[in-house]
Amino acid sequence: MLTMIPEEVIDQIRNETNIADVVGQFVSLKKSGSNLFGICPFHNENTASFSVNEQKQIFHCFSCGRGGNVFKFMMELENLSYPESVMRVADMQGIEIPDQYKHSNKAKSNINPVEKKLIDMHELATELYSHILMNTEVGQPALDYLHERGLTDDTIKFYRLGFAPKEQILNKFLENKKVQYDDMRKSGLFIETDDGKLRDRFFDRIMFPIKNEFGNLIGFSGRVMDKNASTAKYLNSPETDIFNKRKVLFNLSDAKTTIQKQKNVILFEGFMDVISAYQSGVTNGIASMGTSLTTEQIATIKRLTPSVSVCYDGDAPGQNAINRALSLLGNTDLSLGVIQMPEGIDPDEYRKQYGEEKFASYMHSAYESPLSFKMRYFKLNRNLDNETDQISYINDVLQEVAKISDPLERDIYVNQLSDQFNLNKLDLTNRMNTYIQKNNVNKSIQKSRDEPQQGHPVIQPIDNVRSHSKVELAELYLFNRILMSREMWQHLMSKDGFSFVDDDFQLLYTLAQGYMATHDEYKSAEFQDFIKEEKLQNMLINIEMLPLSDAPNKEEVDDYVNIIMNEAPIDVQLKNKQAELNDAKKLGDVDKQTELAMEIIKLQRQKQLNDRS
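A separate point is the overall build of the chain. The secondary structure content of the chain amounts to 27 helices and 17 strands. Burial status across the chain gives 48% buried among its 613 residues. Partitioning the contacts of the chain with sequence separation of at least 6, the portion at a separation of at least 24 is 64%. In the form shown here, the chain has an accessible surface area of approximately 31,100 Å², with 48% of it arising from carbon and sulfur atoms.

Right, let's talk about empty space enclosed by the protein for a bit. The tally for this structure, following the rule as stated, stands at three cavities of 30 Å³ or more. In this structure, the largest cavity spans a volume of roughly 90 Å³. Every residue lining the largest cavity is counted, 13 residues in all, and those nearest its centre are Tyr159, Pro209, Lys211, Phe250 and Asp254. Those elements giving two or more residues to the lining of the largest cavity turn out to be strand E9 (205-211) and helix H11 (252-262). Classifying every residue of the lining of the largest cavity gives seven nonpolar, three polar and three charged.

Side chains Phe50 and Val52 of strand E3 (residues 50-53) all project onto a buried face; the interleaved residues Ser51 and Asn53 project onto the opposite face, where all are buried too. As paired elements, strand E2 (residues 35-38) and E3 share three bridges and run antiparallel to each other. Bridge assignment links phenylalanine 37 to a residue of E3, and that residue is serine 51. Direction of pairing for E3 relative to strand E4 (residues 58-61): antiparallel, over a ladder of four bridges. Across the sheet, valine 52 pairs through a bridge with phenylalanine 59, a residue of E4. The antiparallel hairpin formed by E3 and E4 contains four residues in its connecting segment, where glutamine 57 sits at a positive phi of about 60 degrees.

Ranked by internal contacts, the top residues of the largest apolar core, which has 57 residues, are Leu161, Leu174 and Met363. The dominant element in this core, judged by the number of residues it contributes, is helix H6 (residues 113-135), at nine residues. In this structure, methionine 363 is in contact with Ile266, Phe268, Val282, Cys311, Ile339 and Met341, ignoring residues within four places of it in sequence. One finds Leu304, Met375, Ile394 and Tyr413 within the second-largest nonpolar core, a separate group that totals 43 residues.

Side-chain positions along a regular strand alternate between the two faces of the sheet. Counting buried positions over the seven residues of strand E10 (residues 217-223) gives seven, a clear majority of the element. Note that E9 and E10 share six bridges and pair antiparallel. In the sheet register, proline 209 faces E10, and the bridge partner there is phenylalanine 220. The hairpin turn running from E9 into E10, its antiparallel successor, is five residues long, and glycine 215 in that turn takes a positive phi close to 90 degrees. Examined bridge by bridge, E10 and strand E11 (residues 234-236) share three bridges and lie antiparallel to one another. Counted as the bridge partner of serine 221 is asparagine 236 from E11.

A few words now on the sheet that holds E11. In spatial order, the strands read E6-E9-E10-E11; together these four strands make up an open sheet with antiparallel pairing. Of all strands in the sheet, those with a lone pairing partner are strand E6 (162-164) and E11, marking the two edges. For this sheet, the mean inter-axis angle between neighbouring strands, taken without regard to orientation, is 35 degrees. In terms of strand pairing, E6 meets E9 through three bridges, oriented antiparallel. From the neighbouring strand, glycine 162 faces E9, where its bridge partner is methionine 207. The strands touched by H6 within the sheet are E6, E9 and E10, with E10 carrying the most contacts at an inclination of about 35 degrees.

Computed from the structure, the second largest pocket encloses a volume of approximately 1,500 Å³. Lining of the second largest pocket is provided by 42 residues; of these, Leu77, Glu78, Asn212, Glu213 and Phe214 occupy positions nearest its centre. Taken together, the elements giving at least two residues each to the lining of the second largest pocket come down to helix H3 (70-78), helix H4 (82-93), H6 and helix H13 (295-304).

Helix length check: helix H18 (residues 387-401) (15 residues) gives 21 Å between terminal C-alpha atoms against 21 Å at 1.5 Å per residue, within 8%. Tyr393, Ile394, Asn395, Val397, Leu398, Glu400 and Val401 are the residues of H18 that are buried. Between a side-chain oxygen at the N-terminus of H18 and the backbone nitrogen of threonine 388 the separation is 2.9 Å; the capping residue is asparagine 386.

Moving on, we come to the packing of H18 against helix H19 (residues 407-421). At a closest axis distance of 10 Å, the pairing of H18 and H19 adopts a crossing angle of 170 degrees. The angle between H18 and H19 places the two elements in the roughly antiparallel class. Each of Gln390, Tyr393, Ile394, Val397, Leu398 and Val401 in H18 lies in contact with H19, whose residues at this interface are Arg410, Tyr413, Val414, Leu417 and Phe421.

Right, let's get into a negative patch on the surface. On the surface, Glu580, Asp583, Asp589, Asp591 and Glu595 cluster together to form a negatively charged patch. Elements with a minimum of two residues in the negative patch: helix H26 (554-587) and helix H27 (590-612). Mapping glutamate 595 onto the fold places it in helix H27.

Read from one edge of the open sheet, six strands run E12-E14-E13-E15-E16-E17, paired in mixed fashion. A strand with exactly one partner marks an edge of an open sheet, and here the two such strands are strand E12 (249-250) and strand E17 (367-368). In the sheet, E12 pairs with strand E14 (residues 285-288) via two bridges, with the strands oriented antiparallel. Each bridged residue has a counterpart across the sheet, and for phenylalanine 250 the counterpart in E14 is alanine 287. In the packing of helix H12 (residues 271-279) onto the sheet, the strands contacted are E12, strand E13 (265-268) and E14, and the crossing angle to E14 comes to about 175 degrees. Against the sheet, helix H14 (residues 316-329) contacts strand E15 (307-311) and strand E16 (335-339), and its axis sits at roughly 165 degrees relative to E15.

As a further point, take helix H7 (residues 140-148). Three or more residues of H7 are buried, namely Ala142, Leu143, Tyr145 and Leu146. The buried residues of H7 occupy one face: seen down the axis, they fall within an arc of 155 degrees. Where the residues of H7 are buried, they touch H6, helix H8 (153-158), E6, E9 and E10.

Its identity is not glycine, yet glutamine 57 carries a phi of approximately 60 degrees, on the positive side. Glutamine 57 sits in the buried class, given a relative accessible area of 19%. Of note in this structure, asparagine 251 is not a glycine but carries a positive phi near 80 degrees.

Parameters and conventions
Residues numbered from 1 in each chain as written. Predicted model: local features only at pLDDT ≥ 70, side-chain atom pairs only at ≥ 80, totals over all residues. Heavy atoms only, no water. Helix = DSSP H or I, 4+ residues; strand = E, 2+ residues; numbered from the N terminus. Buried < 20%, exposed > 50% of the residue type's maximum accessible area, 1.4 Å probe, protein only. Contact = heavy atoms within 4.5 Å. Areas by Shrake-Rupley, 256 points an atom, 1.4 Å probe, with all protein chains shown as cover. 1 Å grid on protein atoms, 1.4 Å probe; cavity = no way out; pocket = protein on both sides within 12 Å on 5 of 7 lines; lining within 4 Å. Points joined across faces, edges and corners; volume = space filled by probe spheres on them. Nonpolar A, V, L, I, M, F, W, Y, C, P; charged D, E, K, R; others polar. Pairing = 2+ DSSP bridges. Core = buried A, V, L, I, M, F, W, Y, C linked by side-chain atoms within 4.5 Å. Axes fitted to C-alpha atoms, helices over the stretch in contact; angles between N-to-C directions. Expected span 1.5 Å × (residues − 1). Polar contact = N/O pair within 3.5 Å; in protein donor to acceptor, adjacent residues only side chain to side chain. Parallel < 35°, antiparallel > 145°, perpendicular 65-115°, else oblique. Patch = residues over 30% accessible without salt bridge, like charges linked within 9 Å, V, L, I, M, F, W, Y side chains within 5 Å. Salt bridge = Lys/Arg side-chain N within 4 Å of Asp/Glu carboxyl O. Lys, Arg positive; Asp, Glu negative; His and termini not counted. Charge placed at Lys NZ, Arg CZ, Asp CG, Glu CD. Arc of directions from axis to C-beta.

Put into structure tokens, the structure is as follows:
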């Protein structure tokens, strides 16, 4: 028999949890007014429309409309059931839950069954590849290779590295685990031949398991050991229902906690660089799944941290990759920096040559600004003794200087150019100012496209689309007032015969009466769980987030009540008469159309008189 988590346990977890602490592990939040704002984790956006209210312990996105308490946040983010979300929050907060509740609610996941099968298959494949690497003769050469590259067994086990041998073994292994053929076809772990047979996609490669942000295994990247091999150095899983390389960042699930604490992420070029950094104690490193960042990956980074340090290889391709990354990241409001490796050396090679302690020290000491990197990068393949190359170099640098907001910092770089090339500072400044003006025009255009701006979201209650009538707004504002003040609640309850016009509002009002009767104090996050129905929960969030003052009064409440009780009947009659008129038009009943048109005009006049009064 299942044992549900008792309400008192849920209340304890909710009361001991600050929603900002939980959300802050997935979203970088900044204070703006009375709320915290960040990039929404549920949809792609450029400006921060995701809000967290610590006083009410609720979140709300003014763009996509999602909202709720801390349990709803985890349900939406990780696709959990309500009991799973409660246990997840408790675990994150270090709150102990008795074992009987853990076990009884374990199997109630809302995870997509198809995705779960694929994740389970990747888990089995990871166990197999890891076993072959660590415990078999077939895997010994690959293990020796990793040891030669300086990786310890602890590091290998932490990242669950493995080896896929030349022999076709994964298919039989999964068949023995009762995995169905159709499921294997969808996994990306196999290549299907013309006759319908499945061949292992990965063979004779060191296997790097790939996890999503939440730690679920979703794919692999296989690396050849022979540098001279004719095949690609790395082979990634193909696109599947769970793996999209444009969205994945290697090591994000393991680095996320450190990224949040340090408010910085180091972006490496390859998996081995990330792993080398981890072994050296640098645990905030991630890598993209290809040579260039994608907009989806940048959106994830923006959501988690305000600061990025790019650490790619010191060779020419690595420098080009840094320049591309800075250009892509420069379109955001992220704080950027570069950890410049010595020429011709990548981070993994640096650790092998100089050791882990020096590697960790270098990661903290070799920082340079994006402009310092650009000034050096622009010199590549240019002869600065040549006048044409000089001019193009100076123009390139000035365009970058023009992007700096601090006038003092701009002045420093202009002075450097003036001294280096013996040029008039005023001429350089004038040229830079033309670039600044151009940038400002472009920013104004972009700003108009990206409205609303951070901290000033446009409130679009209930359905985010349609406008609201006077009566509908009165219902919204009245509900906000009675929830925010116990005095206003009692004042409304004293009015005989009052009811909301909208059925959903009336249902929410009825539920609120039940809640208020058993609770001395109104708590938004608690009432969210009391409601249960998602539609009403979303209504409540929109009501709670209305930008009204914190000082309601009885006169204001009376005005709303008057509108609802006296003007709503006219609105309802108008709506009904308009429907009758439409029916009369369809039937071709001219007399009825005339009669109804006169009645509608009369009701509209009455409504106008009420509005004036």
